[in-house]
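Tertiary structure, described
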Amino acid sequence: MSDSSRLPLEAWGRRRLADAQAWADRGRWRGYALEFLWFGLKQGWACLFGGAMLALIVGTFLWWPEGAAVSRYDFLVVGAVAIQAAMLLLKLETWEEARVIFLFHLAGTVMELFKTAHGSWVYPEDSLLRIGAVPLFSGFMYAAVGSYIARVQRIFHIRVTRYPPLWTTWPLAAAVYVNFFAHHWLPDMRLALFAATAVLFGRGWFHFTADRSRRSMPLLLGYLLVALFIWIAENLATFGRAWAYPGQADGWEMVGLEKLGSWFLLMIVSVVLVSIVHRPEAEVLGARC
């Protein structure tokens, strides 16, 4: 089945893109402007799941009625399920990508149960739809990361060069995931994990298409940029009281930049999980997408 029949809205978008390209061809700077615009629009389209979840979190924080019959957290659970269902029904996401989201949901929920039990953060509002101290919408926040990584590969036609052998990435991802738990009792190994990540991925490159020209970026830079945007989203989510760190108990304050390291390592786990379903595809030099 072709992408056009599976994802009709994206096929419509590609037709509009062709019209815009005809306009951009009338001048060099028009071409640069269009490429920059489409890079931003495609990034927004890739993180549709996460953006919708974030809008739901902040929106309900600002406008949730006092004394509502349903708790805000329970509404977020229903809203997250509705977003996921709508993306599948409207063919904004493939079933293969939904499998990735399910893996993230499982891995994220396990981490949430552990971290809340050890006081790393709390969910300050009451709810019925929860496991222990963890409301069920929390797993969807991890799933949003998986959704982005799976979708961005298709939307930007991402290919890679010098990507490490898959069998070398699995032990690294496992070690990163275990360290998120084990550092509560054992020495934190994240510096060694950063070094191992640099050794494995340091020579690799992304190749992608925002408009028509193929562009390139080091893998590590791409992972860091995504981690930065997750950190920004985390600040918005904690502002919306989706969860709270110990320092935010008396009122919201910005999440420290040191969390970027955690999100960067989470990116490694995320990329490896996605590779189980979407194997990284090698760039063919001279090819056009």
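Up top is the structure these notes are about.
Residues numbered from 1 in each chain as written. Predicted model: local features only at pLDDT ≥ 70, side-chain atom pairs only at ≥ 80, totals over all residues. Heavy atoms only, no water.

1. A short note on the overall build of the protein
- Summing up its helical and strand segments, the protein has 11 helices and five strands in all.
- Taken against the 2.2 N^0.38 rule, which gives 19 Å for 289 residues, the C-alpha radius of gyration of the protein at 20 Å falls within 12% of a compact globule.
- Overall, the C-alpha framework of the protein stretches about 55 × 45 × 35 Å when taken along its three principal axes.
- A total of 289 residues make up the protein; the buried ones form 46% of that total.
- The contacts in the protein between residues at least 6 apart in sequence include a share of 73% that link residues at least 24 apart.
- Surface summary for the protein: the accessible area is close to 15000 Å², and the carbon and sulfur share equals 70%.
- Of the charged side chains in the protein, 26 are positive and 21 negative, and the gap between their average positions amounts to 11 Å. (Helix = DSSP H or I, 4+ residues; strand = E, 2+ residues; numbered from the N terminus. Rg over C-alpha atoms; globule rule 2.2 N^0.38 Å. Buried < 20%, exposed > 50% of the residue type's maximum accessible area, 1.4 Å probe, protein only. Contact = heavy atoms within 4.5 Å. Areas by Shrake-Rupley, 256 points an atom, 1.4 Å probe, with all protein chains shown as cover. Lys, Arg positive; Asp, Glu negative; His and termini not counted. Charge placed at Lys NZ, Arg CZ, Asp CG, Glu CD.)

2. Considering the environment of Ser213
- Mapped onto the elements, Ser213 comes out in the loop between strand 4 (205-209) and strand 5 (214-218).
- Owing to a relative accessible area of 35%, Ser213 belongs among the partly exposed residues under this scheme.
- Sequence-wise, Ser213 and Glu35 are 178 residues apart; in three dimensions their C-alpha atoms are separated by 8.6 Å.
- Apart from the residues within four sequence positions on either side, Ser213 is in contact with Glu35 and Phe208.

3. Points about the packing of aromatic side chains
- Tallied over the entire structure, the rule returns 19 aromatic pairs.
- Centroid distance Trp121 to Tyr245: 5.9 Å. Interplanar angle 85 degrees. Geometry classified as edge-to-face. Of the two residues, Trp121 is situated in the loop between helix 6 (95-117) and strand 1 (130-131) and Tyr245 in the loop between helix 10 (219-239) and helix 11 (259-277); the sequence distance between them amounts to 124 residues. Taken individually, Trp121 and Tyr245 each receive the classification buried, so the pair is uniform in this respect.
- Joined through ring pairs, the aromatic side chains of Phe114, Tyr177, Phe181 and Trp185 make up one cluster.
- Of note, Lys42 hangs over the ring of Phe156, and the distance from its end group to the ring centre comes to 5.8 Å.
- The positively charged end of Arg151 is found above the aromatic ring belonging to Trp45, 5.5 Å away from the centroid. (Phe/Tyr/Trp six-rings, centres within 6.5 Å; stacked < 30°, edge-to-face > 60°. Lys NZ or Arg CZ within 6 Å of the ring centre and 35° of its normal.)

4. Focus on the sheet that holds strand 3 (residues 159-161)
- On the basis of which strands lie adjacent, the open sheet formed by three strands has the order 3-4-5 and antiparallel pairing. The open sheet has two edge strands, strand 3 and strand 5, and neither has a second partner. Ignoring which end each strand starts from, the neighbouring axes of this sheet average 30 degrees apart.
- Judged from the five bridges that link them, strand 4 and strand 5 form a sheet pairing that is antiparallel. Opposite Trp205, over in strand 5, you have Pro218 as the bridge partner. (Pairing = 2+ DSSP bridges. Axes fitted to C-alpha atoms, helices over the stretch in contact; angles between N-to-C directions.)

5. Here we look at the nonpolar core
- In this structure, Phe137, Tyr163, Tyr223, Trp243 and Met267 are the most contacted members of the largest nonpolar core, which totals 67 residues.
- With 11 residues, helix 11 is the single largest residue contributor to this core.
- If sequence neighbours within four positions are ignored, Trp243 has contacts with Tyr73, Trp121, Val122, Tyr123, Pro124, Met141, Glu234, Ala237, Thr238 and Gln248. (Core = buried A, V, L, I, M, F, W, Y, C linked by side-chain atoms within 4.5 Å.)

6. Comments concerning the pattern of salt bridges
- Throughout the structure, instances matching the rule amount to five salt bridges.
- A salt bridge links Glu35 to Arg215; the nearest nitrogen and oxygen atoms lie 2.7 Å apart. Separated by 180 residues along the polypeptide, Glu35 in helix 3 (residues 28-46) and Arg215 in strand 5 bring together distant segments of the chain. (Salt bridge = Lys/Arg side-chain N within 4 Å of Asp/Glu carboxyl O.)

7. Thoughts on the environment of Gly50
- You can see Gly50 is positioned in helix 4 (residues 48-63).
- Each C-alpha atom of the pair Gly50 and Leu89 lies 17 Å from the other, and the pair is 39 residues apart in sequence.

8. Topic: the environment of Leu219
- The topology assignment puts Leu219 in helix 10.
- The sequence separation of Leu219 and Val160 amounts to 59 residues, and the corresponding C-alpha distance is 8.5 Å.

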